[in-house]
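Remarks on the overall topology
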Amino acid sequence: MSVIYILLAVSIIIAIVFFTAFIFAVRNGQFDDGYTPSVRMLFEDELVKTPDKKIKSTKIKNKTNHN
């Protein structure tokens, strides 16, 4: 039974260490995304729902009649 108490204490200590490392990484900007804003213009336009529940592209399509 004493082994369970030892394992419980060790697991709590390890969890605290990992949580502290995570908080440290977040505060130092480890998870900041510096890449996506620079290439955002290269992505395709997103689909937008209009009030009549049809999905339209935000890009204006060139409609030409070929007769």
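Residues numbered from 1 in each chain as written. Predicted model: local features only at pLDDT ≥ 70, side-chain atom pairs only at ≥ 80, totals over all residues. Heavy atoms only, no water.

1. Comments concerning the overall build of the protein
We apply this condition: Working definition: helices are DSSP H or I runs of at least four residues, strands are E runs of at least two. Numbering for both runs from the N terminus. Working definition: with a 1.4 Å probe on protein chains only, accessible area under 20% of the residue-type maximum means buried, over 50% means exposed, and in between means partly exposed. The Shrake-Rupley method, run with a 1.4 Å probe, gives the accessible areas here. Residue values count only the displayed protein chains as cover.
Along the backbone of the protein there are two helices and two strands. In the protein, the succession of helices and strands from N to C terminus is α-α-β-β. Looking at the protein as a whole, 3% of its 67 residues are labelled buried. When the accessible surface of the protein is totalled, it reaches about 7100 Å², and 64% of it is carbon and sulfur.

2. Comments concerning the packing of aromatic side chains
Stated formally: Whether two aromatic rings pair depends on their centres lying within 6.5 Å, for rings of Phe, Tyr and Trp, where Trp uses its six-membered ring; planes under 30 degrees apart make the pair stacked, over 60 edge-to-face, and the rest tilted.
The full count for this structure, using the stated rule, is one aromatic pair. Aromatic side chains F22 and F31 sit 5.9 Å apart centroid to centroid with 45 degrees between the ring planes, which places their arrangement in the tilted category. With relative accessibility at 56%, the residue F31 sits in the exposed group.

3. Describing helix α1 (residues 2-27)
How we decide: In this analysis, the expected span of each helix is defined as 1.5 Å times one less than the number of residues it contains.
For α1, spanning 26 residues, the distance from its first C-alpha to its last is 38 Å, which sits close to the expected 38 Å at 1.5 Å a residue. Backbone geometry just after α1 places G29 at a positive phi near 80 degrees.

4. Side note on a nonpolar patch on the surface
In plain terms, the rule: The patches described consist of residues with a relative accessible area above 30% and no salt bridge, like charges being joined within 9 Å and nonpolar side chains (Val, Leu, Ile, Met, Phe, Trp, Tyr) within 5 Å. Salt bridge, as used here, is a side-chain nitrogen of Lys or Arg placed within 4 Å of a carboxyl oxygen of Asp or Glu.
Together, F19, F22, I23, V26 and F31 make up a nonpolar patch on the protein surface, roughly 500 Å² of accessible area in all. You can see I23 is positioned in helix α1.

5. Structural notes on the confidence of the model for the protein
This is how the line gets drawn: Known as pLDDT, the predictor's per-residue confidence is scaled from 0 to 100.
Summarising the model, the protein shows a mean pLDDT of 79, and 64% of its residues fall at 70 or more. Taking the mean pLDDT of every element in the protein, the minimum, 56, falls on strand β2 (residues 55-57) and the maximum, 97, on α1.

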